[in-house]
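Observations on the three-dimensional arrangement
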Amino acid sequence: MKLFYLFISLFFFSTTQAQNSISGKITNTEGIAVPSATILLQTQQLKIIRSTISNSNGEFSFENIPDGKYELMISSVNYKTQKVIDVVPGEKSRTILLQTIDKALQSITVTSTRPFIEQKIDKLVVNVDASPSNAGATAMEVLEKSPGVTVDNDGNISLKGKQGVIVTMDGKQTYLSGADLANILKNLPASAIDQIEIMTNPSSKYDAAGNSGVINIKTKKTKIIGSNGSVSVGNTIGLFENNNKTEVMYKPTVTLNYNYKKDKFNFFGNAVYNYREGRSYLDVISNYYRNNLKIDSINHFNTLFRAKNNNYTLKLGLDYEHNKNNIFGIVVNGFLFEGRPRPLTQTVFTKLNGDVFSRLSSSTINKISWNNISTNFNYKHLFDSTGEITLDLDYSRYDNVSDQLLSTGFFDANYNPTADSIFLRGHLPSLINIFALKSDFSKSTRSGWKFETGIKSSYVSSDNVVIYERNAGFGWMPDSRNNHFVYKENINAAYVNMNKKFSKWSLQTGLRLENTITKGVQISDNTTVKRNYLSLFPSLFVSRPVNEKNTLTISASRRLQRPNYQDLNPFTFFLDSLSYKQGNPYLTPQFSYNFEITHTYNNKINTTFNYTKTEDVISQIINRKRGANDEIIGFLTTDNIASYSNIGLAVSSPVKYTKWWNGSIYINGYRNHYKGTYIDNESGIAEVVPLDLSFTSFTLNISNNFTITKTISGEISGWYRYKTIDQLSLAEPMAQINFGLAKNKLFKGKGTLRLSARDPFNWQRYKATTRYGTVDINMNNRWDNRQYGINFTYRFGKTQIQQRKRSSGSEEEQQRVGAGN
């Protein structure tokens, strides 16, 4: 650590080459800011040096520009192109006026193509609609093919090989457990998503949660004046091979986006309905050990999952622009899920020679319904061109009810019953309420410093009940595992962040303070677990151009990952009679130190070296214990089991092969190392078992986009992940390839037709081996990932671009408040 900061200090004083900046603000003739204007910086010989777009306030800047005279070329839809000459780096920021094109020309529809992947200074951006193969896909499937992102068979998300990712929706934390978040992402259609932002090392302005970074999913928001919107309809079929037969699953989706803007009011909303049928097959072989020797039994079980889900999503919002300095907004989001997953499990016990001596047959009927409603009030005040303050008030409510009926039959090798069947029924309601307050202030000083500060406070209450009844032929009787768990959490935070661009280097430094107070109570036995801890999270970013084409950036930060609600919940959730999942109320947060060095060549090729050290790693772990009849019962739980290190090197670059063929390449090599201990209870006596797991892996993402004609575009994209450590398991290589085709400008330019094929060769399967202590498990999971989709979008209403972009607190990038996934 000391060597790192010494290196940074030496880096500061080694800068010798003078560089300057060019900045300005784009407005129209009425003084209204013009967002998303394209600004080209070029030499007097018309050689383009840099390009950028103006932000929501019309502002732009080019940093680290060598001395000399330059020209600016500014263009925006519905405005005349403006040229500014004799621009000198280091001069005072200027305001540039754009003149509106004649109204007769404004009815012309202007379309532009965004790349699928955009590498920006502080984040990587995935433009969802730019990929035709995303037609009919879900948010989870788009994430799977995003650079640096991997998703395991349980829906847990990793970034650059590191777990502990915080996922936000429109800058708002979802507050969901990993399983519930995965459920939403698997049922949220890509047609409702605009962009996915991937940030590996956020500054102190953002919540400290998320030791491997933040993924922000931005839903679609229109920028059009008047009454306008779009309708998308589509269907995806998934193919699943089972017993030499091909089963066909249907996944239709309907999406409506609408916006109405008049004078100072802007109403916007979208609604989505999708129905999803799904199949998956899980095959697990467990070898049992006692005293480090394999005993005379092998457990082989396989589960066939069948699921049907109905999902409804609704978003409504209203903005009121009182004047150019004061904007008020309110947004209401709702999500309703109704699912009927029905797993059927067959378990076979064999001796080492393969002879079967026992069989189990378990079936579960699940009825799951949960809904979420969240409301956000936001306010933004602009003091002048150098300062602003924002305020966000949020309330969210999650209501989840799960009913299940589990039946288990016991048989010998020849399927003759050996005992009466056992029936278990459960009722598991859960209610979560979240209140949050957030305010941010920013101010630019005359000396060139930008000062940011803010506060955030959240309060979370989670009330969970589990009621099990068992029937072994004598009627329904209460089960001993019934429980009632109440969890409350209060997080208060404050931060300060400062940045300045000097003549030779750029500096940003910040400090965040978070106080966390939690209380978990098991009502049944009056057991209470309390936590109260205060943590500091510093961050530092330094950037220096080496020459005109090469720039170095160094960043360091401290972050944490809090346990999610379901991992703290001590309830037992049965998978079958001999396996279940159980939470751990004694979990503590994990803390990590993150370091990155990034080299940028010619504003295109980014090479990043990263190192992360994490203590008290929160991880799922498989454990075993002896039952009443000496049978081995396996259960999945979560614990602080190890220290963890991750070291990696990533390279990303856009590629322009020809005028009609462009793409992007991303490759990330990394090494993960877990070292620690866990408690093994299989023998009936708690034993401390050492863990030492490490492996070197890499991921590769490639996308290719083709302009076939003026109205037809195509895509071939894919990804590959080599063997890697995943939740203490060694996962085998996995890959996917996708094809897409889009036809634009149908029905007088208002329609778009997309066709897609995802993983047509059925390469994406999850295989893993888990070996530590007495655990020896081989897993094979496959699902209906071979999918073919068709989607049609029709846009209606006016086509004049809005001159002032909607800006509200709900759009500000914020990260985790309270416990999350």
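Everything below is about the structure shown above.
Residues numbered from 1 in each chain as written. Predicted model: local features only at pLDDT ≥ 70, side-chain atom pairs only at ≥ 80, totals over all residues. Heavy atoms only, no water.

1. Describing the side chain of R279
For R279, the position within the fold is in strand β18 (residues 265-290). Assessed through its relative accessible area of 14%, R279 is described here as buried. Within the structure, the side chain of R279 is placed 2.9 Å from the side chain of E247, a separation counted as a polar contact. In this structure, R279 is in contact with F240, E247, M249, F305, R306, A307, W783 and D784, ignoring residues within four places of it in sequence. (Helix = DSSP H or I, 4+ residues; strand = E, 2+ residues; numbered from the N terminus. Buried < 20%, exposed > 50% of the residue type's maximum accessible area, 1.4 Å probe, protein only. Polar contact = N/O pair within 3.5 Å; in protein donor to acceptor, adjacent residues only side chain to side chain. Contact = heavy atoms within 4.5 Å.)

2. What to know about the sheet that holds strand β3 (residues 48-53)
Read from one edge of the open sheet, four strands run β3-β2-β5-β6, paired in antiparallel fashion. Each end of this open sheet is capped by a strand with a single partner; those strands are β3 and β6 (82-87). Each strand axis lies, on average, 20° off the axis of its neighbour in the sheet, ignoring direction. In the sheet, strand β2 (residues 38-43) pairs with β3 via five bridges, with the strands oriented antiparallel. For L41, the partnering residue across the bridge sits in β3 and is R50. (Pairing = 2+ DSSP bridges. Axes fitted to C-alpha atoms, helices over the stretch in contact; angles between N-to-C directions.)

3. As for the sheet that holds strand β1 (residues 20-28)
With respect to topology, three strands assemble into an open sheet ordered β4-β1-β7, the strand pairing being mixed. The open sheet has two edge strands, β4 (59-65) and β7 (94-98), and neither has a second partner. Ignoring strand direction, the axes of neighbouring strands in this sheet form an average angle of 25°. As judged from the five bridges shared by β1 and β4, these two strands associate in the antiparallel manner. Paired with N20 across the strands is I65, a residue of β4.

4. A closer look at the pattern of salt bridges
One pass over the structure, following the stated rule, counts 19 salt bridges. Residue D207 is joined to K456 by a salt bridge in which the shortest nitrogen-to-oxygen separation is 3.0 Å. Separated by 249 residues along the polypeptide, D207 in the loop between β14 (193-199) and β15 (214-219) and K456 in strand β25 (residues 450-471) bring together distant segments of the chain. Here D207 and K456 have matching classes, each one buried. (Salt bridge = Lys/Arg side-chain N within 4 Å of Asp/Glu carboxyl O.)

5. Some words on the packing of aromatic side chains
Working definition: an aromatic ring pair is given by the centre-to-centre distance plus the angle between the planes. Under the counting rule described, the total for this entry stands at 27 aromatic pairs. On the basis of an interplanar angle of 40° and a centroid distance of 4.9 Å, the ring pair of Y395 and F435 is categorised as tilted. On the criterion of sequence distance, the pair formed by Y395 in strand β23 (residues 387-411) and F435 in strand β24 (residues 417-444) is long-range, its members being 40 residues apart. What links up through ring pairs into an aromatic cluster is the set F265, Y320, F328 and Y379. One residue, R425, lies across the ring of W476, its end atom 4.1 Å from the ring centre. (Phe/Tyr/Trp six-rings, centres within 6.5 Å; stacked < 30°, edge-to-face > 60°. Lys NZ or Arg CZ within 6 Å of the ring centre and 35° of its normal.)

6. Digging into the pairing of β23
When strand β22 (residues 356-384) meets β23, the two strands line up antiparallel, connected through 25 bridges. The partner of T364 across the bridge, within β23, is L406. As judged from the 24 bridges shared by β23 and β24, these two strands associate in the antiparallel manner. Looking at the pairing, T390 lines up with D440 of β24. Between β23 and β24, which pair antiparallel in sequence order, lie five residues; one of them, Y415, sits at a positive phi of approximately 70°.

7. Considerations on the pairing of strand β17 (residues 245-262)
Here strand β16 (residues 226-242) pairs with β17 via 17 bridges, running antiparallel. Within β17, the position partnered with I237 by the bridge is Y250. Counting the residues that bridge the hairpin from β16 to β17 gives two residues, and of these N243 lies at a positive phi of roughly 55°.

8. Comments concerning the nonpolar core
Ranked by size, the top nonpolar core spans 28 residues in total, and within it V149, I157, L185, I196, I198 and I215 carry the most contacts. Among the elements of the structure, β9 (124-127), α2 (139-144), β10 (149-151), β11 (157-159), α3 (178-187), β14 and β15 are those that each provide at least two residues to this core. Here this core takes four residues from α2, the largest share from any one element. Ignoring sequence-local partners within four residues, the contact set of V149 consists of L143, E144, I157, S158, L159, I198 and I215. (Core = buried A, V, L, I, M, F, W, Y, C linked by side-chain atoms within 4.5 Å.)

9. Some points on the environment of V88
Structurally, V88 can be placed in the loop between β6 and β7. The exposure class assigned to V88 is partly exposed, which follows from its relative accessible area of 34%. When the C-alpha atoms of V88 and P66 are compared, they prove to be 9.6 Å apart, with 22 residues separating the residues in sequence. Apart from the residues within four sequence positions on either side, V88 is in contact with I22, G68 and K69.

10. Description of unusual backbone geometry
We note that K745 has phi near 60°; this positive angle belongs to a residue other than glycine. Classification of K745 as partly exposed rests on a relative accessible area of 47%. Although it is not a glycine, D759 adopts a positive phi angle of roughly 50°. Mapped onto the elements, D759 comes out in the loop between β42 (751-758) and β43 (766-772).

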